[in-house]
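Listed below, chain by chain, are the residues.
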Amino acid sequence: MEVFVARQPIFNSNEEVFAYQLLYRNNQVNAFPEIDEDQAAAEVIINSFFNIGIDHLSEGKPCFINFTEKLLKLKLPAYFRPREIVIETLKL
């Protein structure tokens, strides 16, 4: 089984990577496919933490992850350590 997560670096003012944004991908094409936002967010979390490993993806840096309103209402971010993730919201 192949799993995909795009990892985009976020740089500080010294052009050093201080975090990564994790993005949903379902293949090797670097584009967001037509998919339900809740499903995309859930798959990024599952793939990042359970299939790939957040330590491998993050290299010890925080990861910005898009959370939908539904996942926030389910209090899903509470299951993760605050130093591992930064909650992003696209719209509420």
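Residues numbered from 1 in each chain as written. Predicted model: local features only at pLDDT ≥ 70, side-chain atom pairs only at ≥ 80, totals over all residues. Heavy atoms only, no water.

A. Quick look at the environment of Ala42. Along the chain, Ala42 turns up in helix 1 (residues 37–52). The exposure class of Ala42 is partly exposed, given its relative accessible area of 24%. (Helix = DSSP H or I, 4+ residues; strand = E, 2+ residues; numbered from the N terminus. Buried < 20%, exposed > 50% of the residue type's maximum accessible area, 1.4 Å probe, protein only.)

B. Examining helix 1 more closely. When the local axis directions of helix 1 are compared, the greatest deviation, roughly 30°, occurs at Ile46. Among all positions in helix 1, only Ala40, Ala41, Val44, Ile45, Asn47, Ser48 and Phe49 are buried. You can read the cap of helix 1 off the contacts: a side-chain oxygen lies 3.0 Å from the backbone nitrogen of Asp38, and it is on Asp36. Downstream of helix 1 by a residue or two, Gly53 has a phi angle that is positive, lying close to 105°. (Bend = angle between axes of the 7 residues up to and from the residue. Polar contact = N/O pair within 3.5 Å; in protein donor to acceptor, adjacent residues only side chain to side chain.)

C. Quick look at the sheet that holds strand 1 (residues 5–11). Here 4 strands make up an open sheet; going across it, the order is 1-2-3-4 and the pairing mixed. Looking at strand neighbours, the two that pair on one side only are strand 1 and strand 4 (85–88), the edges of this open sheet. Adjacent strand axes in the sheet meet at a mean angle of 30°, parallel and antiparallel pairs treated alike. Bridging between strand 2 (residues 17–24) and strand 3 (residues 63–66) involves 3 bridges; their strand directions are parallel. Across the sheet, the residue bridging to Leu22 is Ile65, located in strand 3. (Pairing = 2+ DSSP bridges. Axes fitted to C-alpha atoms, helices over the stretch in contact; angles between N-to-C directions.)

By themselves, these figures tell us nothing about what the structure is for.
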